[in-house]
Amino acid sequence: DSGVTQTPKHLITATGQRVTLRCSPRSGDLSVYWYQQSLDQGLQFLIQYYNGEERAKGNILERFSAQQFPDLHSELNLSSLELGDSALYFCASSAEGTNYPSGNTIYFGEGSWLTVV
Amino acid sequence: DQQVKQNSPSLSVQEGRISILNCDYTNSMFDYFLWYKKYPAEGPTFLISISSIKDKNEDGRFTVFLNKSAKHLSLHIVPSQPGDSAVYFCAASQTGANNLFFGTGTRLTVIP
């Protein structure tokens, strides 16, 4: 158990709909990351928040947005869903916001399976 | 643009033998490298890491080697056990950056 909690674990929705994925980071971690893993793809970085503020943005579509709340939990909002958005969405957390000399180890949740039909 | 590449999608090894998983990267600014293991229906689990100031890091049966000039790293598992069967992801980051770049993973199967 990494200490990162994601809900829901599975979600099936129709095209054009909107969903929200929720993540609670490990206790004490200030950084939250969202990653997408599509079939046969590696983990694609979407976005990072650090202590409530957006820190870095990756390959996140404009239809997607995220936020981190004062209690440090985060939500990833996916709207106008398309079939190609079906994927496993991972949340991860780490203590620090940047890569220190000793490195920044990220701990992952179990993921939220999104199926768009 | 895939900055971290794992060119072998799968690898099968006999129990007790050595497993060698390879990873190449293109960004010379990367200075921290990690390996994650992923079982089905679970999130990736941190396994071992190495800083660019080292060329080897060992943790029990797992050793990571880094060849900076070749922009190549490898994970050695000795001896391999059936429980090691999983997908292994290589990841890299650079000082001051905020995220990890992942490879596409290598599925390791250890045959009893």
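Just so it is clear, the model here is predicted, and its values are computed rather than measured.

Peer 1: Explain the overall build of chain B to me, please; I cannot follow it from the model alone.
Peer 2: When you go through chain B residue by residue, the secondary structure sums to zero helices and 11 strands. In chain B, the succession of helices and strands from N to C terminus is β-β-β-β-β-β-β-β-β-β-β. What you see for chain B is a C-alpha radius of gyration of 13 Å, in line with the 13 Å of a compact globule of 112 residues. Seen through its principal axes, chain B has C-alpha atoms that stretch 40 × 30 × 20 Å. Going through the 112 residues of chain B one by one, you find that 49% of them count as buried. Contacts in chain B between residues far apart in sequence, at least 24 positions, make up 54% of those at least 6 positions apart. Roughly 5200 Å² of accessible area belongs to chain B as shown, and the carbon and sulfur atoms make up 49% of that amount.

Peer 1: Please explain the state of the cysteines as it appears in this structure.
Peer 2: Residues and elements named next belong to chain A. Under the definition given, this model contains two disulfides over all chains. Shown here is the disulfide that connects C23 with C91, its sulfur atoms set 1.8 Å apart. Looking down the S-S bond of the C23 and C91 bridge, the torsion is -60 degrees, so its handedness is left-handed. Of this pair, C23 sits in strand β3 (residues 19–24) while C91 sits in strand β9 (residues 87–94); the two residues are 68 residues apart in sequence, bridging distant segments of the chain. Here C23 and C91 have matching classes, each one buried.

Peer 1: Explanation requested: the interface of chain B and chain A in the structure shown.
Peer 2: The figure often quoted for interface size is the accessible area lost as the parts come together. Listed by partner, the interface residues are 24 residues for chain B and 24 residues for chain A. Between chain B and chain A lies a buried interface of about 1800 Å² when both sides are counted; carbon and sulfur atoms form 55% of it. There are zero salt bridges connecting chain B and chain A. Joining chain B to chain A, the criterion identifies two residue pairs in polar contact (both at pLDDT 80 or more). Contributing elements (two or more residues each) for the side of chain B that touches chain A: β4 (32–38), β5 (45–51) and β9 (86–93) of chain B. When residues in the side of chain B that touches chain A are grouped by element, the largest group, four residues, is from β4(B). Of the residues that constitute the side of chain B that touches chain A, the class distribution is 10 nonpolar, 11 polar and three charged.

Peer 1: Can you help me understand the pairing of β9(B) in this one?
Peer 2: The side chains of a regular strand alternate, residue by residue, between the two faces of the sheet. Residues and elements named next belong to chain B. Among the eight residues that make up β9, eight are buried, leaving the element largely enclosed by the rest of the structure. Looking at chain direction, β4 and β9 are connected through seven bridges and run antiparallel. What sits directly across from F33, in β9, is A92. Note that β9 and strand β10 (residues 101–102) share two bridges and pair antiparallel. In the strand pairing of β10, A92 is matched with F101.

Peer 1: In this structure, what is going on with a nonpolar patch on the surface? I would like to understand it.
Peer 2: Together, B:I18, B:I20 and B:V78 line one region of the surface with nonpolar side chains, adding up to about 220 Å² of accessible area. By secondary structure assignment, the location of B:I18 is in the loop between β2 (10–14) and β3 (19–25).

Peer 1: Explain the sheet that holds β3(A) to me, please; I cannot follow it from the model alone.
Peer 2: Note on sheets: strands pair through backbone hydrogen bonds, and any given pair is parallel or antiparallel. Residues and elements named next belong to chain A. The strand order across the open sheet built from four strands is β1-β3-β8-β7, with neighbouring strands paired in antiparallel fashion. Strands with a single pairing partner mark the edges of an open sheet, and in this sheet they are β1 (5–7) and β7 (64–68). In this sheet, neighbouring strand axes are inclined to one another by 15 degrees on average, regardless of whether the strands run parallel or antiparallel. Alignment of β1 against β3, held across three bridges, turns out to be antiparallel. In the strand pairing of β3, T5 is matched with S24.

How each quantity is defined
- Residues numbered from 1 in each chain as written.
- Chains lettered and ligands numbered in written order.
- Predicted model: local features only at pLDDT ≥ 70, side-chain atom pairs only at ≥ 80, totals over all residues.
- Heavy atoms only, no water.
- Helix = DSSP H or I, 4+ residues; strand = E, 2+ residues; numbered from the N terminus.
- Rg over C-alpha atoms; globule rule 2.2 N^0.38 Å.
- Buried < 20%, exposed > 50% of the residue type's maximum accessible area, 1.4 Å probe, protein only.
- Contact = heavy atoms within 4.5 Å.
- Areas by Shrake-Rupley, 256 points an atom, 1.4 Å probe, with all protein chains shown as cover.
- Disulfide = S-S within 2.5 Å.
- Buried area = accessible area lost by both parts, 1.4 Å probe.
- Salt bridge = Lys/Arg side-chain N within 4 Å of Asp/Glu carboxyl O.
- Polar contact = N/O pair within 3.5 Å; in protein donor to acceptor, adjacent residues only side chain to side chain.
- Nonpolar A, V, L, I, M, F, W, Y, C, P; charged D, E, K, R; others polar.
- Pairing = 2+ DSSP bridges.
- Patch = residues over 30% accessible without salt bridge, like charges linked within 9 Å, V, L, I, M, F, W, Y side chains within 5 Å.
- Axes fitted to C-alpha atoms, helices over the stretch in contact; angles between N-to-C directions.

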